[in-house]
Every structure is written in structure tokens, then in C-alpha cells.
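Chain by chain, the residues:
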Amino acid sequence: MIENIGSGHNGSYDWPNSGRVHKIGDRPQLEAPEDAPSTEETSMEHAHVNAHTLRQILDRGQDPLAMRLLLHQVSVCAGCRERLHPLYELVTSGLLPDDGSFTALDLALAVSRYQAPALWAELSELPESEWSQRVQEDPRFASWGFVEHLCAMSRSTANGQPARALAMCELAEELAEVAHCDQLPESIRPELRMLAVAHRANVYRVLDDEQVAERLFRKAEAHWEVAEDEFLHYRPLVLALRTSLLVSKRLMDDAFETVREGLILARDLSTPRPELVAHLQILQAIVLAETGRVEEAGDVLADAARGIDPQQHPLLWTALRHNQVDCLTRLERYEEAAELMPEVEAFVADTGFEHTKVRLGWTWARIHQGLGRFEEAIGLYDAARQYFLEESMPFTYAIASLELASVFLELGYTQQVQRIAAEVLPTFQARDVHREVFAALSLFQSAAAVDKVSKEMVLDIAHYLRQARTNPKLRFEPGS
């Protein structure tokens, strides 16, 4: 299953954003202009609401009825819209709810998030080595919304450019110590620290450094424990990231409980975030599929699809489709899987990430094999395993090699199976791998040498290697 889930086209699906890059000079200004007309100076039919009107409503606390009336006035009157155009932009871009149910604090956060894409566009033009100095010199970057945006961008970047994603997270951690936002109390800073650290942990997961990732998630948890209140609702997303690590470590019971907690929190948010719920559902489906409950996983993915807008969140949608394909191949419904693949390919073709393209080819290899298109399957399996070998991914290389061997066994090509068996074992000999892995691969090699290997045997060994990769205590039991 595919557990590397990114975000929307703007990298920030969990904090709504229009995706537009606004000029720094266009920062929303909600101060009343000096010449703002007042109702005392202007007749009723020509009076307009302005920033002073907005402040009066906000000073009363949350007043949805008054705010809805103001928003209606702004939407129908060009003069009012001109005076409160920033507010109009924040609402129409989705950064503020259009029902008026927001406070002065919500408005301050929305302004911070509104400017984040433009700040990133400016900073991203510089070499990564200059980022830290640049943000230290310019207080605009010490923005709560900008830290959120860096974290979200790291998710969409990690699979293809993990080093760049790591630099984003390190900068986010640095800025989390100094970031400011009008109205936000200092007591909720631990939430922002938790968010930044968890995203750095996620990048290390992508880099297969699970030890560092685990240590960083413990650090993020420590920040969560000292947070006075969950005001910003980052917790469900952090639990989603944590679930991905637990899946990678094959700790499926823990993964199931973690994603279940995340779903409860995400569904209970006062402001619905269907994309975040869908993200967690995809992870839940991965856990179900990896524990043999493939049909249940398919049902969960079908439900998750209803919460994703493919245009707004193409990465999330592609992850969903790719996992649906995986479920269909596990159920040997290869024709249905093939029908979904062009949709996945269309997005992957635009990402430019070689790793993603190779894994997509690996998926196609399984589909072709299931449909009896052995020549196509052989080429794609071989391309995938060579890539994994070059990238020093021995377990993944061995799994792809065993799947290739299963094709040759279907065709009766015993010499090719013997060649693969002779190639796989040496890739582990210079590595600190537990003896059970050597026992499994040695069995494959010795059985192939005397033409006693079967398709069932190689797929059984491949299944064992998937589990043993992160569970060094797992014993290999042939035929289990």
C-alpha cells in the first residue's frame, strides 16, 4: 500500500488556502482609511461599512449574525467591498467561514495564512543555505501561518526531494520559537513546536531512518503534553504522520489505534476538514489491507473518496487511487485495477519524481502479470529492482526480484530464476541483517539451484521480507 501521502496543490490542505500567491504588498490591511466615511457624515443610502465597523463587531466577541450581515453587505455593495476587500478575499479564498462564525483571533490567523504562499515564493528563490539568515533579517517570515505552510510544503516535497523537505522542516522548527500572530496567546506555542517537529520526523520516515523519526515523534509528543489547550487542532494531522511511521515499522496494532484516535479528533472538529478525514481514512485502509482485511480497506477508500476534491487536492486523490489499485491487485481484480491506473499516471507524469514513477511501474508490473502480459511485467519488474539496487534499498530490491522470479516460474524459465537467486543474496552480505533474512534467501537460492522452487515459495519469502524489514525478531517459517 502507498502510505506516503502529500497534500493539495498548494501544499496546505489542512489549513484552507486559495492556492493563489499574493504579492507581499497586497497584505490584507484592516485599518480604517483616514477618509473612511462615517454614518454621521453620509446619508444612509450612501453609507458604507469599513474597518471600523468590522472592529466594532469583533470587539463584541463572536457574533455570527452581525458578521453575516456585514459579509452580505460587502458581497452586494461595491463601495463596501472596496473598503473591506481584504476581508472579502479571506472569506472567498476559504480562509474564513462565510457564515460569519469567526473571531478576532480567527481573523488574525487567516491574515497570517493568506500571506504564507507569497512569503514562500520569495524565500524559495534563494539557496537553502541562505534561508535561515534571510528569515532572521526579515520579521515578516516570523509568521504563524508561514510555519504551517512550510510544514505542509514539506509533505508534498518529501517523496521527491527529501533533502529540501528536511530543510523546510528545520526552518519551521527555528521559526516556531519566534513566530507571532496577533491575538494568539503564548500558551499555545507548544502546538506549533509539535507540528514542526512531527513534520521533520515524517521526512526521516521517508528517508527510511526510522530510529531518528521515532525519536523526533517522541519529542513532538513531549511538546503536546505541555500544551495547555488544543486550540489549533494540529493533533489529528500529527497522528496521521505518526501512523505512517508505525505502518513502515509494521506495528499494525499501534497504527490502527493511532489512526482511530486521529479520525475521532478530525471528525469532531468544529470546522469540518473532509480532506484531513480522508487522509486518515487512507491510512486506516492501508492498515486494514496490510493485516489481510483488503475488502474492508476498499470500503474505507470508497468512503474517503467522497471527502476529496481532486482539483483542490490532487496528491491526496492520487494516493487514494493508488491504494485502490493496490487493493484491487491484492484481490486479483486486475482489469479493474488497470482501469484506474491512467488516472494515477496522469498525475505522476507531472510530478517529475523518479521514485514515484518507478513505484508506479512496479504496480503496473503486478497488473500485467495478473493479466498474463508477461513480457510487459518482466520489463517493469526488472526496471524497478535495478532502481532499488542503485538506491541502496536491499529489501525492496529483493522483493521486486522475487516477484520477477514468480513471472519466470509461471513461464518455466528456470535459468532466469537461478540467476536472480544468485544476485539477491549478495546484496545483504555486507549489511547488518539478522540471520532469518539470510535463511529465507538461502532457501530460495538452494531451491532454485535444484529446480525445486515454486511461485508460492518466492511470494511467501517476499511477504516475509516485507515484514522482516522493520521487525528483526521475526522468525522465517517456510510455508507459513
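Use the structure listed above.
The structure presented is a predicted model; accordingly, all values stated were derived computationally and were not measured. (Residues numbered from 1 in each chain as written. Predicted model: local features only at pLDDT ≥ 70, side-chain atom pairs only at ≥ 80, totals over all residues. Heavy atoms only, no water.)

(A) Inspection of the overall build of the protein chain at higher detail. When helices and strands are tallied, the protein chain shows 23 helices and zero strands. Residues classed as buried in the protein chain amount to 53% of the 480 residues present. For the protein chain, long-range pairs separated by at least 24 residues make up 66% of all intrachain contacts whose partners lie at least 6 apart in sequence. Taken as a whole, the protein chain presents about 22,000 Å² of accessible surface, with 48% of it coming from carbon and sulfur. (Helix = DSSP H or I, 4+ residues; strand = E, 2+ residues; numbered from the N terminus. Buried < 20%, exposed > 50% of the residue type's maximum accessible area, 1.4 Å probe, protein only. Contact = heavy atoms within 4.5 Å. Areas by Shrake-Rupley, 256 points an atom, 1.4 Å probe, with all protein chains shown as cover.)

(B) Structural detail: the pattern of salt bridges. Tallying each qualifying case throughout the model produces 29 salt bridges. In this structure, E177 engages R193 in a salt bridge whose closest nitrogen and oxygen atoms are separated by 3.0 Å. On the criterion of sequence distance, the pair formed by E177 in the loop between α8 (162-176) and α9 (189-206) and R193 in helix α9 is long-range, its members being 16 residues apart. According to the relative accessible area criterion, E177 is partly exposed, its value standing at 43%. Taking the relative accessible area as the measure of exposure, R193 reaches 24% and is therefore partly exposed. As a salt-bridge pair, R385 and D382 come within 2.9 Å of each other at their nearest N and O atoms. Taken together, the residues span about one helical turn, with R385 and D382 both in helix α18 (residues 374-390) at a distance of three residues. Owing to a relative accessible area of 1%, R385 belongs among the buried residues under this scheme. Put simply, E122, R134, D138 and R140 are held in one network by salt bridges that share partners. (Salt bridge = Lys/Arg side-chain N within 4 Å of Asp/Glu carboxyl O.)

(C) Looking closely at the packing of helix α13 (residues 274-290) against helix α14 (residues 294-305). Between α13 and α14, whose axes approach to 8 Å, the crossing angle comes to 170 degrees. Comparing their axes, α14 and α13 come out roughly antiparallel. Facing A278, Q281, I282, Q284, A285, L288 and A289 of α13, the residues of α14 in contact are V294, E296, A297, V300, L301, D303 and A304. Within the contact of α13 with α14, the residues separate by chemical class into 10 nonpolar, two polar and two charged. (Axes fitted to C-alpha atoms, helices over the stretch in contact; angles between N-to-C directions. Parallel < 35°, antiparallel > 145°, perpendicular 65-115°, else oblique. Nonpolar A, V, L, I, M, F, W, Y, C, P; charged D, E, K, R; others polar.)

(D) Layout of helix α19 (residues 394-411). Taking 1.5 Å of rise per residue, the 18 residues of α19 would be expected to cover 26 Å, and the 26 Å separating its terminal C-alpha atoms lies within 8% of that figure. Within α19, 15 of the 18 residues are buried, which leaves the element mostly enclosed by the surrounding structure. Once α19 ends, the next one or two residues include G412, with phi positive near 80 degrees. (Expected span 1.5 Å × (residues − 1).)

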